[in-house]
Amino acid sequence: MPRTKKYTTPDKFGQAIGDFFKQCTETKKVPTKSGFAQFLGLSRKVLGDYDDREGYKEILQKAYELIVEQWVQLLPGRSSNIAGVIFYLKNAFGWRDKS
């Protein structure tokens, strides 16, 4: 049985994503994929399903890029746990060490 979309239009989806980032800014929290999905009321798997929907993919990719950017900004000494930042980027976004 196909799931009903919680966000019926890309505009509503984009608005909810904007609200998530606004909340992160107001609370001074670094956004995460899990927190993102939780805020939207979706599981991470269902959130990933939006990546396959017309009009949603670009919005979702931009949101992920914003999350990555927030984490990358922690690398130049803004975090006391650089290894933790690197761990998150590797596990949440598939970053790898190059040799």
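Draft legend 1. Structural context of the side chain of K33. Here K33 shows up in helix 2 (residues 33-40). Despite its burial, K33 pairs with no opposite charge; the closest candidate is D51, at 8.9 Å N-O.

Draft legend 2. Region of interest: the pattern of salt bridges. Under the criterion given, the structure shown has two salt bridges. A salt bridge links K45 to D49; its shortest N-O distance comes to 3.6 Å. Separated by four residues within a single helix, K45 and D49 lie in helix 3 (residues 44-49), roughly one turn from each other.

Draft legend 3. Representation of helix 4 (residues 57-72) in the model. With 16 residues, helix 4 extends 22 Å from end C-alpha to end C-alpha; this agrees with the ideal 22 Å at 1.5 Å per step. In the core, the buried residues of helix 4 are packed alongside helix 1 (10-27), helix 2, helix 3 and helix 5 (82-93).

Draft legend 4. Representation of the confidence of the model for the protein in the model. Looking at the protein, the pLDDT average stands at 88 and 95% of residues meet or exceed 70. Averaged pLDDT values for the elements of the protein fall to 85 in helix 5 and rise to 96 in helix 1.

Rules used throughout
Residues numbered from 1 in each chain as written. Predicted model: local features only at pLDDT ≥ 70, side-chain atom pairs only at ≥ 80, totals over all residues. Heavy atoms only, no water. Helix = DSSP H or I, 4+ residues; strand = E, 2+ residues; numbered from the N terminus. Buried < 20%, exposed > 50% of the residue type's maximum accessible area, 1.4 Å probe, protein only. Lys, Arg positive; Asp, Glu negative; His and termini not counted. Salt bridge = Lys/Arg side-chain N within 4 Å of Asp/Glu carboxyl O. Expected span 1.5 Å × (residues − 1). Contact = heavy atoms within 4.5 Å. pLDDT = per-residue confidence, 0-100.

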